[in-house]
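Here are the chains, one letter per residue:
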Amino acid sequence: TVEKSSTKSHLSHCRRRKCRTAAASTTMSAEDVAKAFTQHFYNMFDTNIEGLAGLFNETSMLTFEGQQHQGAVNIMTKLRGVGPVKHTVKSMDIQPSATPTAIIIFVTGMIQIGGDNPLHFCEMFQLVESGPGAYYVHNDVFRLNYGL
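Just so it is clear, the structure is predicted and the values come from calculations on it, not from any experiment.

Participant: Explain the overall build of the protein chain here, please?
Facilitator: Counting its secondary structure elements, the protein chain contains three helices and six strands. The secondary structure elements of the protein chain, listed N-terminal to C-terminal, are α-α-β-β-α-β-β-β-β. Counting all 148 residues of the protein chain, 40% fall into the buried class. Partitioning the intrachain contacts of the protein chain with sequence separation of at least 6 by distance along the chain shows that 45% fall at a separation of at least 24. Accessible surface, the protein chain: about 7,900 Å² in total, of which carbon and sulfur atoms supply 54%.

Encoded structure:
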């Protein structure tokens, strides 16, 4: 589950919307889920990192610059350690995964860490449905892109 901030997050909105549309026998597309997730993830990372905690569970894996971090506690420890950041998403590609309840998202963009010059980054997520309209991050792979 995603912690609600004082302003309703786009992912929470996405979840509520899917629950409503599911009652009407339709569901959100993978693209809609991915867009809502990506906006929510980077907004929380940039403004309220603790808002990301509910996106991970003990099976989640983060590979950050080649170092693996397993489980929500270890992932959040790593993300907090990055420090203050500002993300700008430049592109996003979405694919269905091996099961109908999973989505692959590939993001490219710029990240500014602690006020330094922006750097290019890429990040891949695999979201897995944990309940009707609810997803968790099963895999997250992050890399800075140098020399672009």
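Continuing now.
Participant: I'm lost on the pattern of salt bridges in this one. Help?
Facilitator: Think of it this way: side chains of opposite charge can pair up when their charged atoms draw near. In total, this model carries two salt bridges according to the counting rule given. With a closest N to O distance of 2.9 Å, K35 and E31 form a salt bridge. Of this pair, K35 and E31 both sit in helix α2 (residues 30-47), separated by four residues, roughly a single helical turn. Owing to a relative accessible area of 40%, E31 belongs among the partly exposed residues under this scheme. Where R80 meets E50, a salt bridge forms, and the shortest distance between an N and an O atom there is 2.6 Å.

Participant: Help me understand the pairing of strand β6 (residues 134-145) in this model?
Facilitator: Sheet faces and side chains relate simply in a regular strand, where the side chains alternate between the two faces. Across four bridges, strand β1 (residues 61-64) lies against β6 in parallel orientation. Paired with L62 across the two strands is D140, which belongs to β6. Relative to β6, strand β5 (residues 119-131) runs antiparallel, the two being bridged by 11 bridges. Paired with E123 across the strands is F142, a residue of β6.

Participant: How should I be thinking about the nonpolar core in this particular structure?
Facilitator: The tendency in soluble globular proteins is for nonpolar side chains to be buried as a group. Counting 31 residues, the largest nonpolar core has F41, L52, F56, L79 and F125 as its most contacted members. Residue assignment for this core shows that the elements contributing at least two residues are α2, β1, α3 (72-82), β4 (102-113), β5 and β6. For this core, the leading source of residues is α2, giving seven residues. With residues near it in sequence (within four places) discarded, F41 still touches L52, L55, F56, E123, F125 and D140.

Participant: Got a minute to help me understand the environment of H138 in this structure?
Facilitator: Positionally, H138 belongs in strand β6. Owing to a relative accessible area of 24%, H138 belongs among the partly exposed residues under this scheme. Among all residues touching H138, those that are not within four sequence positions of it are T59, S60, M61, Q126 and V128. Only 2.9 Å separates the side chain of H138 from the side chain of Y136, close enough to count as a polar contact.

Conventions and cut-offs
- Residues numbered from 1 in each chain as written.
- Predicted model: local features only at pLDDT ≥ 70, side-chain atom pairs only at ≥ 80, totals over all residues.
- Heavy atoms only, no water.
- Helix = DSSP H or I, 4+ residues; strand = E, 2+ residues; numbered from the N terminus.
- Buried < 20%, exposed > 50% of the residue type's maximum accessible area, 1.4 Å probe, protein only.
- Contact = heavy atoms within 4.5 Å.
- Areas by Shrake-Rupley, 256 points an atom, 1.4 Å probe, with all protein chains shown as cover.
- Salt bridge = Lys/Arg side-chain N within 4 Å of Asp/Glu carboxyl O.
- Pairing = 2+ DSSP bridges.
- Core = buried A, V, L, I, M, F, W, Y, C linked by side-chain atoms within 4.5 Å.
- Polar contact = N/O pair within 3.5 Å; in protein donor to acceptor, adjacent residues only side chain to side chain.

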